[in-house]
Amino acid sequence: MATVTITDVWKYYGKTMAVKDLNIDVRDNEFLCLLGPSGCGKSSTLRMIAGLEFISSGDIYFGDVRVNDVPPKDRDIAMVFENYALYPHKTVFENLANPLKFQKMNRADITERVEWAAEMLQISELLQRKPVELSGGQKQRTAIGRAIVREPKVFLFDEPIAHLDAKLRSHMRGELKHLQRRLETTTIYVTHDQLEGMTMADRIAVMHEGVLQQLGTPGDIYNHPVNEFVAGFVGEPPMNFLDCRIERVGDSVSLVNDNIKLVLGGDQVRRLEEKSAAGEVRLGIRPDDLSVEMGRDHGFAIDAKIFVTEPLGGDMLVDAELGKDRVTVKRKIAEMGQPGEPCGISLNIEKLHVFDRESGEAIF
Amino acid sequence: MAVNTIDSEPPELSAYRGVRRIDHTPHIFNNQPARYYLMWLLLPAILLLAAISLYPFVWLIYMSLHEVQLAPGKSDLWAGIDNFTRLFSDKSFARGWVTLFKYSALCLSVEITLGVLVAVILNNSRLEKLFITIFLMPMMMAPVVAGFLYMFLYNGTFGWYFWLLRSLGVLDGGSILGNKTWAMAGVVATDVWQWTPLIALITLAGLKRVPQEQLEANMVDGAGPLRNFFSVALPNLYPFLLIAILLRFMDNFRFIDTILIMTGGGPANATKILPTYLFDVSFKFFELGRGAAIAFTLLLLTILLGLALTKIFEDPTRKIKTSGTE
Ligand SMILES: Nc1ncnc2c1ncn2[C@@H]1O[C@H](COP(=O)(O)OP(=O)(O)OP(=O)(O)O)[C@@H](O)[C@H]1O
Ligand SMILES: [Mg+2]
């Protein structure tokens, strides 16, 4: 049993506020991802959980035990650092064996564990090398190996695969997720890459400027972002945003700007009324929920002009200009339009997100 | 370098089938580009160094092979390797070496232990800058002055240390520098007092370079502060300690000012390290040929020990096994 509970945690560095009033409960055996842009306080949070950083205010519990004053060595955690932090004077084998030696494990068992971990991470041939003789990816896997040789209460990963090339990264995403499921160990994983969060995590905690924005399953975060920041941060290519105003004519309520007019459904109108929203709002729509047709006779509701088309192999992205706004549309690959050519766009009204213009809070 | 190791390819590559491979290695492997022009740049410095250090060195060898005559007009007599062979039967010569090793080992071990300890205590403390400035003061003193200072401190009539040790009951009767065991401790203490700060300074610089994240990783792995120091900080300090040890051991092998002032090698040769014996032979007995022979052995051993130390303390992270030709 290893749950991690973070209650009302604040972190200051002098005058810099890195983490503000953070509350997260990590469940047993859960893969929780701390997601956010650079400098949002992810590492600070992780380091406080590890005991490497002093907690300015608030408490952290492992299970029922308050660990604020427990030194790292007694917390029974394993951590992978952002910049590997391998011991340069030790071989890969000795690096992996290091945590086991502190547990006073006997030699034969150490060798067995290290070889098991090395096998899993495909670094068996490198065991006798020193860290300087490894490539970045091999170093990273050694660092991961040093964490998994033990059976800790909690795994802490600080952007463990950020420095790998795209292909290896996608491979390691699968490996790490598989590993976590197999080892059934509570895991807290820091990343700024939303794709890693979406693909690996049971739940994601999205942070921005030290503040927790939303905590939920990847599906929650993707489909029901609580504000414009979360909506824009998660999803690739990112969500399109357009400024609109709410217009009521008789019973029908619609979102209008110079180029578009969208009549809202009953549910959506009710939601607007609940939040008593009126006037200016911001509309959000994902590139997948837009359709585009090339040419003048498109038969779609909205006229637009092509800005650029980007083929992705099977799919393509079309950047289209709606007056002075620009939207990205994802569709199956088709003929490439030339910049400036006319095209038509339609939206899936069901998938619309509407945000308060002022606060950025989601209305729906 | 590491880039060219070809013993095993990265595992992620071997997963692919049907990729283009190159299995031969070029004839010329790891050849450095020619850099002869560097020699021309270095030549003036080499010539200058040769003039001021090679010339005396040649003279040293010449003298060690002759019976040098001091009276004007008399030419030196060829002695072959007589000066060297005579050293084998010279008891004082052998004893000089033993004393020198004892002295140097004592100085080094105390200085390194104390220096590292001081550095660790000072590191990241608030008064670090102030303390290191104060600690460095003895180092600024000429060794002769340090010798005089300690001679007075040890003095049997008004010496403060003498009084202190006497009051503590450690020293029963006699003077410090007049006692065979205490005299050695006395000269070692002087050296320690003067040079521990240097070691502390070098170690402090080294401690700043110990990567924080390695210490943190080791803590997470389960190390307490002491284990953390020995298993992460110390190995990272090796290159710095090497410099410190090299500097100090070579100084021990050539500085005689302090000992000459304090004991002159006595009592009963208890502090007569080889360089002081060399001083006696050359400048008291004026046997310049024999002195040169002793100096030559001293030089030779200094070089050999220096090389050995460098080997022992070689930065382990730099040791790269290369499978290519070297
Ligand atoms: N030791 C420190 N001293 C002062 N400020 C710090 C320190 N460490 C972090 N900060 C500040 O705290 C804030 C959060 O830093 P943190 O390292 O937690 O960000 P992060 O989310 O991990 O970013 P990244 O993705 O770039 O690693 C930043 O504004 C940073 O400048
Ligand atoms: Mg970080």
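Since we're looking at a predicted model, the values are computed, not measured.

Caption draft 1: Region of the structure containing helix α5 (residues 166–183) of chain A. Residue and element names in this part refer to chain A. For α5, built from 18 residues, the straight-helix expectation of 26 Å at 1.5 Å per residue is met to within 8% by its first-to-last C-alpha distance of 25 Å. Along α5, the residues that are buried comprise L168, M172, R173, L176, L179 and Q180. Looking straight down α5, one finds its buried side chains confined to an arc of 150°; they lie on one side. Of the residues flanking the start of α5, the one acting as N-cap is D165, its side-chain oxygen 3.0 Å from the backbone nitrogen of K167. A positive backbone phi angle near 50° is found at E184, which sits one or two residues after α5.

Caption draft 2: Region of the structure containing empty space enclosed by the protein. Taken as a whole and judged by the stated rule, the model has 3 cavities of 30 Å³ or more. Taken as a whole, the largest cavity spans an internal volume of roughly 70 Å³. Residue assignment for the lining of the largest cavity shows that the elements contributing at least two residues are α8 (180–208), α10 (225–254) and α11 (257–262) of chain B. Per-element tally for the lining of the largest cavity: the top contributor is α10(B), with 3 residues. Classifying every residue of the lining of the largest cavity gives 5 nonpolar, 2 polar and 3 charged. Quantified by volume, the second largest cavity comes out at close to 40 Å³. Lining the second largest cavity are A:L242, A:I260, A:I285, A:L290, A:I302, A:L322, A:V327, A:I345 and A:L347. Taken together, the residues that form the lining of the second largest cavity break down as 9 nonpolar, no polar and no charged.

Caption draft 3: The packing of helix α2 (residues 92–102) of chain A against helix α3 (residues 107–120) of chain A, seen in detail. Residue and element names in this part refer to chain A. At a minimum axis distance of 9 Å, the contact between α2 and α3 shows a crossing angle of 125°. Of the possible angle classes, the one that applies to α2 and α3 is oblique. Remark: the crossing between α2 and α3 carries right-handed chirality. Facing α2, whose interface residues are F93, L96, A97, L100 and K101, α3 presents I110, T111, R113 and V114. Each residue belonging to the contact of α2 with α3 can be placed in one class, and the counts come to 6 nonpolar, 1 polar and 2 charged.

The rules behind these values
- Residues numbered from 1 in each chain as written.
- Chains lettered and ligands numbered in written order.
- Predicted model: local features only at pLDDT ≥ 70, side-chain atom pairs only at ≥ 80, totals over all residues.
- Heavy atoms only, no water.
- Helix = DSSP H or I, 4+ residues; strand = E, 2+ residues; numbered from the N terminus.
- Expected span 1.5 Å × (residues − 1).
- Buried < 20%, exposed > 50% of the residue type's maximum accessible area, 1.4 Å probe, protein only.
- Arc of directions from axis to C-beta.
- Polar contact = N/O pair within 3.5 Å; in protein donor to acceptor, adjacent residues only side chain to side chain.
- 1 Å grid on protein atoms, 1.4 Å probe; cavity = no way out; pocket = protein on both sides within 12 Å on 5 of 7 lines; lining within 4 Å.
- Points joined across faces, edges and corners; volume = space filled by probe spheres on them.
- Nonpolar A, V, L, I, M, F, W, Y, C, P; charged D, E, K, R; others polar.
- Axes fitted to C-alpha atoms, helices over the stretch in contact; angles between N-to-C directions.
- Parallel < 35°, antiparallel > 145°, perpendicular 65-115°, else oblique.
- Left-handed = near helix turned anticlockwise from the far one by under 90°.
- Contact = heavy atoms within 4.5 Å.

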